[in-house]
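# Geometric and topological summary
Residue strings, one per chain:
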Amino acid sequence: MALTTLDAKTALIVIDLQHGIVRLPVTPLAADVVVERCAQLVDAFHAKNLPVVKVNVAGGAPGRNEQARHSGELPADWAVLVPEMALQAGEIAATKTTWGGFHNTDLHAQLQARGVTQVVVCGIATSIGVESTARQAYELGYNVTLATDAMTCLNAETHKNSIERIFPRLGETGSTADVLALLKSF
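Residues numbered from 1 in each chain as written. Predicted model: local features only at pLDDT ≥ 70, side-chain atom pairs only at ≥ 80, totals over all residues. Heavy atoms only, no water.

An unreviewed UniProt entry lists the chain under the name Isochorismatase family protein, from Candidatus Pantoea formicae.

### Topic: the nonpolar core
Formed by 33 residues in total, the largest nonpolar core has its most connected members in Leu17, Met85, Ile124 and Val179. Mapped onto this core, the elements with two or more residues apiece are strand S1 (10-15), helix H1 (19-22), helix H2 (31-47), strand S2 (52-57), strand S4 (118-124), strand S5 (143-152) and helix H6 (176-184). Here this core takes nine residues from H2, the largest share from any one element. Dropping the residues within four chain positions of it, valine 179 is found in contact with Leu3, Leu6, Leu41, Phe45, Val120, Thr145 and Ala147. Ranked by size, the runner-up nonpolar core spans 23 residues in total, among them Val53, Leu111, Tyr142 and Val144. (Core = buried A, V, L, I, M, F, W, Y, C linked by side-chain atoms within 4.5 Å. Buried < 20%, exposed > 50% of the residue type's maximum accessible area, 1.4 Å probe, protein only. Helix = DSSP H or I, 4+ residues; strand = E, 2+ residues; numbered from the N terminus. Contact = heavy atoms within 4.5 Å.)

### Points about unusual backbone geometry
With omega at 5°, the peptide bond leading from threonine 27 into proline 28 counts as cis. Along the chain, proline 28 turns up in the loop between H1 and H2. A cis amide bond links isoleucine 124 to the next residue, alanine 125, at an omega of 5°. Position of alanine 125 relative to the elements: it lies in the loop between S4 and helix H4 (126-139). Unlike most non-glycine residues, aspartate 16 shows phi in positive territory, near 55°. Residue position: aspartate 16 is located in the loop between S1 and H1. With relative accessibility at 5%, the residue aspartate 16 sits in the buried group. At asparagine 49, a residue that is not glycine, the phi angle is positive and equals roughly 55°.

Take a look at the structure:
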């Protein structure tokens with residue numbers, strides 16, 4: 001499905017554009033391209049006085065899994081947002097310890113207090129933080145839009161799966177340019 005509309009109360013949610021994540025090997029887009037496109041979206045949402053949420057991750061869920069986890073100390077700046085994503089006045093900050101931005105944060109309450117009915121999600125990693133946040137937003141009743149050229153992943157196959165198979169079931173997909181064009185009509 002193509003991107004059709006943005007609600008009058010739409011928020012932008014930028015996922016995990018922090019030092020520790022943007023330094024990871026990502027594909028198909030370079031992290032700096034994603035950061036640049038997300039920054040364009042941030043600027044456009046600010047220009048329309050729409051809410052901007054910046055999410056970072058500072059931990060992980062405690063359950064067992066088959067993949068090895070990082071062991072040892074993380075770099076001191078690991079959870080710090082990159083300079084292009086530094087918090088600006090009026091923005092919502094959410095620090096998560098699981099994949100999705102809503103679980104165990106006050107993000108839903110913050111958006112509800114602002115009357116938000118739709119979210120545009122972008123960031124890193126497509127199949128992890130972005131997809132989990134989009135799933136949670138969908139389950140909470142938000143209209144979900146995914147700016148698919150403003151995200152990248154740790155694996156090309158999982159990125160493609162999210163964009164082609166999962167995201168169309170959660171909402172609408174479009175490019176950064178598509179979102180920017182719809183914002184111009186506000």
